[in-house]
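The residues making up each chain are set out below.
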Amino acid sequence: MSVQDINGLSKGGTGTGNEEKLVKLLCFILLFSVMNVTMFNIALPDIAKHFDLMPSTASWVVTGYSIVYAIGSLTYGKLSDMYPMRTLLTVGLLLFAAGSIIGFMSNNFPLLIAARLIQSAGASSIPALVMLIPIRMFPAQQRGRVIGVLAAAISFAAGVGPIVGGFVSGTLHWRFLFLISIGTLVTLPFLRRWLPDEEVRPGTFDLPGALLLASAVSSLMLSITKWNGWILLVSAVFLALFILRIRMAKQPFIQPSLLRNANYRVALLSGFLAFGASFAIMFITPMMLSHVNLMHTTSIGLIMFPGAMSAALLGRYGGKMADQRGSLFMVFCGLCLMLLGQLTLSSFSGYAVWIIAVCLIFGYIGMSFLQSSMTKLVSTLLPAGQTGVGMGVFTLTNFMAGAVTGAIVSKIIDQSGGSFSLNPLVTQAGASIYSNVFLGLFLITGLNMAIVYLVFGRRSKRETSQTKVTSV
């Protein structure tokens, strides 16, 4: 992203004069937050070997982090409707750094898991609050551009994370990955200076409702990762109790009126399908490159890096176009690029790695466009006073999409056997299952596009027609 793009963000902002500096600082924080997830995915084999663990046990370094991260993102969003974001980000960054220090010094696996949970309790504040800042600090006609810059930073971090993780783990030790995350502390004094003053707003935190929802989400994610129907049943019980709670409580954790908003529900569904399909691509492509193309972990990161860099360079334009042409237009552009990426990946599974790298570019850019435009679209659907919890639910839904699709896709690949390719362009037997999964994601994204058009596209056309009639 260019300095000129960021410099232009302050025009029309809050008038504090610090918008330009703040956006740069938020990009820096997001870099560490996103990298902290992807770096440890690469280091899992080394951690399992160091503590002499089975891969399933070592995976709790990621699974435990994911569960707390999902719940925390919603909790911070809810709290931001009452408490200043400056205070919440301060708490989050301090917890993030504390967990990083404990993790670096951990000499046993339970302490390492505790460190990752503390890290996650702090890191989950970053995506929840950083995406709220453009909504609250910038007018509607500027939000898309700001969110586009932040989405570009996320794409860059997602691409560079595996490379950094592989390099640090290979040349130093996986413990040093924790030290990288401590870098967020340097931003704290500047955040406290540049974020606007906010008063504590009236409201109460529904702790029983929060605990019921946290129990439902955590048990659901456990049932997905372990593929256990009994745990899924427990999750359903907690969810039923949560629904009963929000209907009876005077000030529930989530207002029922928010979930009764039909357009908001459709946006959640569309985001779930889009982010789930995107995560599935990032999840199974390294597996395909390893099993079919016989590539090393470090080399796989380099193959995926051009796509992430393309999204980082072009993602900011997605935000600009969302401001100029509307969020819905860019949602369709993002979905079209994802469709192109999924179809080409399905057609060229097992081919030369440089072809796979080119195919990934379409999906990465499409997801970057979707992230900025969908975030802006959802923000326009939320009533005043519920932007924090509304965006928190949106973040939680997208994060859950990754867990669900990851579990389903991995199960499909594990049980594939000698499957045949549904795409006639794929001739290598080992690549058939990956091609079929990419083709399935193509169909899901096509269904998603149809849903968005039926709900939002037709409404947009009706509103345009009514405007023309009124003007006449």
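Scroll up for the structure.
Rules used throughout
Residues numbered from 1 in each chain as written. Predicted model: local features only at pLDDT ≥ 70, side-chain atom pairs only at ≥ 80, totals over all residues. Heavy atoms only, no water. Helix = DSSP H or I, 4+ residues; strand = E, 2+ residues; numbered from the N terminus. Rg over C-alpha atoms; globule rule 2.2 N^0.38 Å. Contact = heavy atoms within 4.5 Å. Areas by Shrake-Rupley, 256 points an atom, 1.4 Å probe, with all protein chains shown as cover. Lys, Arg positive; Asp, Glu negative; His and termini not counted. Charge placed at Lys NZ, Arg CZ, Asp CG, Glu CD. Buried < 20%, exposed > 50% of the residue type's maximum accessible area, 1.4 Å probe, protein only. Polar contact = N/O pair within 3.5 Å; in protein donor to acceptor, adjacent residues only side chain to side chain. Axes fitted to C-alpha atoms, helices over the stretch in contact; angles between N-to-C directions. Left-handed = near helix turned anticlockwise from the far one by under 90°. Patch = residues over 30% accessible without salt bridge, like charges linked within 9 Å, V, L, I, M, F, W, Y side chains within 5 Å. Salt bridge = Lys/Arg side-chain N within 4 Å of Asp/Glu carboxyl O. Core = buried A, V, L, I, M, F, W, Y, C linked by side-chain atoms within 4.5 Å. Parallel < 35°, antiparallel > 145°, perpendicular 65-115°, else oblique. Nonpolar A, V, L, I, M, F, W, Y, C, P; charged D, E, K, R; others polar. Expected span 1.5 Å × (residues − 1). Disulfide = S-S within 2.5 Å. Phe/Tyr/Trp six-rings, centres within 6.5 Å; stacked < 30°, edge-to-face > 60°. Lys NZ or Arg CZ within 6 Å of the ring centre and 35° of its normal.

K.L.:
I'd like to hear about the overall build of the protein, residue by residue, with values.
P.N.:
Looking only at helices and strands, the protein has 20 helices and 0 strands in total. For a compact globule of 472 residues, the expected C-alpha radius of gyration is about 23 Å, and the protein comes in at 22 Å, within 12% of that figure. In terms of principal-axis extent, the alpha carbons of the protein reach across some 60 × 60 × 50 Å. The long-range share in the protein, meaning contacts at least 24 apart out of those at least 6 apart in sequence, stands at 81%. Carbon together with sulfur atoms contributes 68% to the accessible area of the protein, which is approximately 20,000 Å² in total. For the protein, the centre of its 30 positive side-chain charges and the centre of its 13 negative side-chain charges are spaced 6 Å apart.

K.L.:
I'd like a rundown of the side chain of Thr 187, residues and numbers included.
P.N.:
Take Thr 187: it is sitting in the loop between helix H10 (176–181) and helix H11 (188–194). Taking relative accessible area as the criterion, Thr 187 reaches 1% and is therefore assigned buried. Side-chain polar atoms of Thr 187 contact the backbone oxygen of Thr 184, separated by 2.6 Å. Once residues within four sequence positions are removed from consideration, Thr 187 is found in contact with Leu 25, Phe 28, Ile 29 and Leu 93.

K.L.:
Hey, could you go over the packing of helix H9 (residues 140–171) against helix H18 (residues 353–381) for me, with residue numbers and the actual values?
P.N.:
With their axes 8 Å apart at the nearest point, H9 and H18 run at an angle of 140° to one another. Crossing geometry of H9 relative to H18 is assigned as right-handed. Taking contact as the criterion, the partners of Ala 140, Arg 143, Gly 144, Ile 147, Gly 148, Ala 151, Ala 152, Ile 154 and Ser 155 in H9 are, on H18, Ser 368, Gln 371, Ser 372, Thr 375, Lys 376 and Ser 379.

K.L.:
Describe a nonpolar patch on the surface, and please don't skip the residues or the numbers.
P.N.:
A contiguous nonpolar surface patch, about 690 Å² in accessible area, is contributed by Trp 230, Leu 233, Val 237, Leu 241, Leu 244 and Met 248. Following the sequence through the fold, Met 248 ends up in helix H13 (residues 229–248).

K.L.:
Talk me through the nonpolar core; I want residue IDs and the actual numbers.
P.N.:
Formed by 128 residues in total, the largest nonpolar core has its most connected members in Ile 47 and Leu 191. It is helix H2 (residues 19–51) that contributes the most residues to this core, 15 residues altogether.

K.L.:
Break down the packing of helix H15 (residues 262–291) against H18 for me, citing the residues and quoting the values.
P.N.:
The geometry of H15 relative to H18 is characterised by a closest axis approach of 10 Å and an angle of 160° between their N-to-C directions. Accordingly, the angle class assigned to the pair H15 and H18 is roughly antiparallel. Like other packed secondary-structure pairs, H15 and H18 cross with a definite hand, here left-handed. Of the residues in the contact of H15 with H18, the class split is 17 nonpolar, 6 polar and no charged.

K.L.:
An account of helix H6 (residues 109–123) is requested, with residue identities and associated values reported.
P.N.:
Relative to the 21 Å expected for 15 residues at 1.5 Å per residue, H6 spans 21 Å between its end C-alpha atoms, a close match to the ideal helical length. Taken together, the buried positions of H6 are occupied by Phe 109, Leu 112, Ile 113, Ala 115, Arg 116, Gln 119, Ser 120, Gly 122 and Ala 123. The N-cap of H6, judged by a side-chain oxygen 2.8 Å from the amide nitrogen of Leu 111 a few residues on, is Asn 108.

K.L.:
Lay out the pattern of salt bridges in plain terms, naming residues and giving numbers.
P.N.:
Evaluation of the coordinates by the stated rule reveals 2 salt bridges. Between Asp 206 and Arg 245 there is a salt bridge, with its nearest N and O atoms 2.7 Å apart. Of this pair, Asp 206 sits in the loop between H11 and helix H12 (207–226) while Arg 245 sits in helix H13, placing them 39 residues apart in sequence. Look at Asp 206 and you get buried, because its relative accessible area is 3%. When the shortest N-O distance is used, the salt bridge between Lys 376 and Asp 323 registers 2.6 Å. Of the two residues, Lys 376 sits in helix H18 while Asp 323 sits in helix H16 (residues 297–325), which places them 53 residues apart along the sequence.

K.L.:
A description of the environment of Leu 88 should follow, citing residues and the corresponding values.
P.N.:
Residue position: Leu 88 is located in helix H5 (residues 85–105). The exposure class of Leu 88 is buried, given its relative accessible area of 8%. Along the chain, Leu 88 and Ile 126 lie 38 residues apart, while their C-alpha atoms are 9.5 Å from each other. In this structure Leu 88 touches Tyr 76, Leu 79, Ser 80, Tyr 83, Ser 125 and Leu 129, once residues within four positions along its chain are discounted.

K.L.:
Quick one: what's the story with the state of the cysteines, residue by residue and with numbers?
P.N.:
Using the criterion set out here, one finds 0 disulfides in the structure. Cys 336 supplies the cysteine sulfur nearest to Cys 333, a cysteine that is in no disulfide, at a spacing of 6.6 Å.

K.L.:
Describe the packing of aromatic side chains, with residues and values.
P.N.:
One pass over the structure, following the stated rule, counts 10 aromatic pairs. Connected via pairs of aromatic rings, a cluster forms that spans Phe 51, Phe 109 and Trp 174. The side chain of Arg 325 reaches across the aromatic face of Phe 329, ending 4.1 Å from its centre.

K.L.:
Mind laying out unusual backbone geometry, listing which residues take part and the relevant values?
P.N.:
One non-glycine residue, Asp 52, lies in the positive phi region at around 55°. Among the secondary structure elements, Asp 52 is positioned in the loop between H2 and helix H3 (55–58). For Asp 52, a relative accessible area of 71% corresponds to the exposed category. Of note, Leu 294 is a non-glycine position whose phi angle comes to about 55°, a positive value. The topology assignment puts Leu 294 in the loop between H15 and H16.

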